[in-house]
Amino acid sequence: MILVIALIAIVVWGIVATVIEVRRDGYRPVPTDWSRVAGREPLDRAEIGHGYR
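Read on for an overview of the structure.

Each value, and the rule that gives it
Residues numbered from 1 in each chain as written. Predicted model: local features only at pLDDT ≥ 70, side-chain atom pairs only at ≥ 80, totals over all residues. Heavy atoms only, no water. Helix = DSSP H or I, 4+ residues; strand = E, 2+ residues; numbered from the N terminus. Areas by Shrake-Rupley, 256 points an atom, 1.4 Å probe, with all protein chains shown as cover. Salt bridge = Lys/Arg side-chain N within 4 Å of Asp/Glu carboxyl O. Buried < 20%, exposed > 50% of the residue type's maximum accessible area, 1.4 Å probe, protein only.

**Some details on the overall build of the protein**
So, point 1. Scanning the protein from terminus to terminus reveals two helices and zero strands.
So, point 2. With an accessible surface of roughly 5900 Å², the protein has 65% of that area assigned to carbon and sulfur atoms.

**Topic: the pattern of salt bridges**
So, point 1. Enumeration according to the criterion identifies one salt bridge in this entry.
So, point 2. Across the pair Arg24 and Glu21 runs a salt bridge, and its minimum N-O distance is 3.3 Å. You can see Arg24 and its partner Glu21 sitting in helix H1 (residues 2-24), three residues apart, about one turn around the helix.
So, point 3. Taking the relative accessible area as the measure of exposure, Arg24 reaches 62% and is therefore exposed.

Next up, the structure:
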């Protein structure tokens, strides 16, 4: 019984710690700042084709 209580306590602690860390890490959709993206020439020169033969 002590092991079950200890396991439940560890699970609750892990869930709470996960929620706190996810809120703290700043993981949110952020729009792309296109002024910081390197030149897009390779995408402009891309050709349509198949990747296999």
